[in-house]
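Here is what each chain is made of, one letter per residue.
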Amino acid sequence: MDSQTVYRRNSRWQYLIAISLVLLVSGISYPFAQWMGYKVVALLLLATVSVTAVLFDIIPVIIAALLSALIWDYFFIPPYFTFQIGSVDDMILLVMYFLIALINAILSHRIRKMERIALEKEEKAHTVALYNTLLNSLSHELRTPIATIIAATDNLQSNQIHLSPEQTNQLVGEIGIAALRLNHQVDNLLNMSRLEAGYIQPRKDWCDLAEIIHGLVGHMEAEGIEQHIHIHINPDTPLFKTDRGLLEQVLHNLLSNAVSYTPPGTRIDILGTCIADIITITVSDEGPGFPDTEKEAVFNKFYRLSNSKPGGTGLGLSIARGLTQSLGGSIELSNNHPQGAVFTIRIPAEISYLQNVKHE
Amino acid sequence: MSNRPAILIIDDEPQMRKLLDITLQSHDYQVLQAATGKQGITMAALHPPEAILLDLGLPDINGHQVLKELREWYSNPILILSVQNSEDDIIHALDNGANDYLTKPFRTGELLARLRSALRSRLLDQQTPLVQMGQLKIDLESRTVSNELGLIKFTATEFNLLALLARNRGKVLTHQYLLREIWGPGYIHQSQYLRVFIAQIRKKTEKDPNRPTYIITESGIGYRLTDPD
């Protein structure tokens, strides 16, 4: 698809370059024509047309072929400066010349078409591979909690006599964790399909940055995390208009990423500011960070770091980016010092100048 | 007849009904079950329960329609069960007389707390002038608010907003409802007023306004006043 549009956009240049090349080669050959003979000039022109055939589309090439044939006939075949041709040999030569140029053009056009088909096939194979990756990571991510639930309930039902109350509690706890994990994956999948279908329509309303972030962090802390989350929000941050649910989802994905991939006891910092009418939120951690070569790729669907630990579908960051974009914003990844990752979200938003209402 | 409060479950999922049945029975409620909207309306009419748990996604009639028909004569609490990402549905149901909502999946503790709160609010309706939530005392008659540190100065609008939440304590009030009641019908889209005033009330009443314990935000829907204990 893309190569098609590039072709079309460049087609005017193709005509210009093809014609110029023919004119240039004819011009240069002209003073030497007497010395090398007009048949050699035909070969030079043929070479020129062949070069255009390799580079350009079929129509500019045919025009180059036609133009060069006419020039050769007019300027180089005796009698000069007429389109008349003196001998039968020259007549055959001219026809042959044009035929060979034409075959050249058609052949290279065909080759290019086959190349394009091969490329499409390759892309399709790539999509299939991606789909398989999805199925693998998904079936793993969905089957593991399901297997846990089935095994734990079996155990509770048929093995009650041998289970201590402690073990029973543990099994029930595992079922709970598995269910939450399933719920999280289903949320991810639903979000992904909403993004893919272009179904997400932000419902913007006034939001309070401090309330959103403190609420989210409070929620995560209640679920039990082993890192220390520090929140820094400029108290003068005004109310701004965005889709609160979507923004929460983005931040939740970034935070749960930080929580799952950084060591216990390290800190996670969330910084919120509003400059002009851009809301900027950064989430930085002290974990292993991301290699420079993978910084862009981590936002791709199903992408997982090569040394990533098991668990996760590679959807979280991709969803975070998709949702941020649906809010008109951007997300980027950089390095923390001395180590760790920094995710920066920027969202342009309508800002409220209503700060403190003294009286009614 | 037993004096355990009767709860009617209207939900088409047998598994969900069974689960709710066990949970509620074990917490001393009597349970009635209906699998369709029609059946639910009939059962509510035959044995009016103390409260109804109504699933919005029913196979026969739309849950909103069931709610509307019930509300023509039924005045006890109705709690909505809905799926995630359906703020519009929830707001619509709350504005049409539902007392509260729970999104699936929900925690049993949450369900029981909401149910208790809804049943209690029915008894509280006889205008008690003094509302106490934790350390916060709201006197609706003398229009004063105090906490453990003493009297808190409130502007008239701040007080009206807090008093409205206090009269409906435990219940979610939608943004539109609060804006209409406090500022008037012309203001139902001015949710920034609401946020500014809620923030000011929190600054005056909460120990940590960033972690509110009295006025709880129901994301995308509204606010509710709760007892922090």
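As the structure is a computational prediction, the values presented were derived from the model and not from experiment. (Residues numbered from 1 in each chain as written. Chains lettered and ligands numbered in written order. Predicted model: local features only at pLDDT ≥ 70, side-chain atom pairs only at ≥ 80, totals over all residues. Heavy atoms only, no water.)

1. Quick notes on the overall build of chain B
What chain B contains, in helices and strands, is eight helices and 12 strands. Over its C-alpha atoms chain B spans a radius of gyration of 18 Å, differing by no more than 12% from the 17 Å that the globule rule assigns to 229 residues. For chain B, the C-alpha atoms occupy an extent of roughly 50 × 40 × 30 Å along the three principal directions. Carbon and sulfur atoms make up 49% of the accessible area of chain B, which totals about 11100 Å². Between the averaged position of the 26 positive side-chain charges in chain B and that of its 27 negative side-chain charges there is a distance of 4 Å. (Helix = DSSP H or I, 4+ residues; strand = E, 2+ residues; numbered from the N terminus. Rg over C-alpha atoms; globule rule 2.2 N^0.38 Å. Areas by Shrake-Rupley, 256 points an atom, 1.4 Å probe, with all protein chains shown as cover. Lys, Arg positive; Asp, Glu negative; His and termini not counted. Charge placed at Lys NZ, Arg CZ, Asp CG, Glu CD.)

2. Overview of the sheet that holds strand β4 (residues 267-275) of chain A
All names here are of chain A. Taken together, the five strands give an open sheet; going across it, the order is β2-β4-β5-β7-β6, and neighbouring strands pair in mixed fashion. Each having just a single partner strand, β2 (228-233) and β6 (330-335) make up the two edges of the open sheet. On average, each strand axis in the sheet is inclined to that of its neighbour by 15°, with strand direction left out of account. One ladder, built from seven bridges, connects strand β5 (residues 278-285) with strand β7 (residues 341-348); its direction is antiparallel. Within the sheet, the bridge partner assigned to V283 lies in β7 and is F343. Helix α7 (residues 209-223) contacts β2, β4 and β5 of the sheet and is inclined by roughly 175° relative to β2. Running over the sheet, helix α9 (residues 316-326) touches β6 and β7 and is turned about 135° from β6. (Pairing = 2+ DSSP bridges. Axes fitted to C-alpha atoms, helices over the stretch in contact; angles between N-to-C directions. Contact = heavy atoms within 4.5 Å.)

3. Observations regarding the domain arrangement of chain B
A common way to express how large an interface is: the accessible area buried when the components associate. Residues and elements named next belong to chain B. Split by domain assignment, chain B resolves into domain 1 (6-124) and domain 2 (130-225). Relative to domain 2, the C-alpha centre of domain 1 lies at a distance of 27 Å. Contacts between the two partners involve 13 residues from domain 1, matched on the other side by 12 residues from domain 2. Counting every contact that joins domain 1 to domain 2 gives one salt bridge. One salt bridge in this structure joins D100 and R224, with 2.8 Å as the shortest N-O distance. Seen at the junction of domain 1 and domain 2, the total is three residue pairs in polar contact (both at pLDDT 80 or more). For the side of domain 1 that touches domain 2, the element with the highest residue contribution is helix α4 (residues 87-95), accounting for five residues. (Domains from an automatic or database assignment. Salt bridge = Lys/Arg side-chain N within 4 Å of Asp/Glu carboxyl O. Polar contact = N/O pair within 3.5 Å; in protein donor to acceptor, adjacent residues only side chain to side chain.)

4. Re the state of the cysteines
Tallied over the entire structure, the rule returns zero disulfides over all chains. Between C207 of chain A, a free cysteine, and C274 of chain A, which holds the nearest cysteine sulfur, the sulfur-to-sulfur gap is 12 Å. (Disulfide = S-S within 2.5 Å.)

5. Quick notes on the packing of aromatic side chains
A full pass over the atoms with the stated rule returns 14 aromatic pairs over all chains. For the pair F290 of chain A and F343 of chain A, a centre-to-centre distance of 5.9 Å together with 85° between the ring planes defines the contact as edge-to-face. Taken together, the residues F290 of chain A in the loop between β5 and α9 and F343 of chain A in strand β7 connect sequence positions 53 residues apart. For the pair F290 of chain A and F343 of chain A, a shared accessibility class is recorded, and that class is buried. Where Y187 of chain B meets Y193 of chain B, the ring centres are 5.8 Å apart and the plane angle is 85°; that geometry is what we call edge-to-face. Given a relative accessible area of 35%, Y187 of chain B falls into the partly exposed group. (Phe/Tyr/Trp six-rings, centres within 6.5 Å; stacked < 30°, edge-to-face > 60°. Buried < 20%, exposed > 50% of the residue type's maximum accessible area, 1.4 Å probe, protein only.)

6. Topic: helix α8 (residues 191-205) of chain B
All names here are of chain B. The terminal C-alpha atoms of α8 lie 21 Å apart, and with 15 residues this matches the ideal 21 Å at 1.5 Å per residue to within 8%. Among the 15 residues of α8, 11 are classified as buried, and the element is accordingly described as predominantly covered. Among the residues of α8, those classed as buried are S191, Q192, L194, R195, V196, F197, I198, Q200, I201, R202 and T205. (Expected span 1.5 Å × (residues − 1).)

7. With respect to the sheet that holds strand β10 (residues 173-174) of chain B
Residues and elements named next belong to chain B. One open sheet accounts for three strands, arranged β10-β12-β11; its pairing is antiparallel. The open sheet has two free edges, formed respectively by β10 and β11 (215-218), since each of these has just one partner strand. Two strands pair when backbone bridges link them, and β10 and strand β12 (residues 222-225) are joined in this way by two bridges, in the antiparallel orientation. Each residue of the ladder has a partner; that of T174, found in β12, is G222. Packing of helix α6 (residues 156-167) onto the sheet brings it into contact with β10, β11 and β12, and relative to β12 it is tilted by some 70°.

8. Considering the interface of chain A and chain B
With 26 residues of chain A at the interface, the matching set in chain B holds 25 residues. Around 2000 Å² of area is buried between chain A and chain B when both sides are counted, 42% of it from carbon and sulfur atoms. Put simply, chain A and chain B have four salt bridges between them. A salt bridge links E211 of chain A to R202 of chain B; its shortest N-O distance comes to 2.5 Å. There are 10 residue pairs in polar contact (both at pLDDT 80 or more) connecting chain A and chain B. Per-element accounting of the side of chain A that touches chain B gives the leading share, six residues, to α7 of chain A. When the residues that make up the side of chain A that touches chain B are grouped by side-chain class, the tally is nine nonpolar, seven polar and 10 charged. (Buried area = accessible area lost by both parts, 1.4 Å probe. Nonpolar A, V, L, I, M, F, W, Y, C, P; charged D, E, K, R; others polar.)

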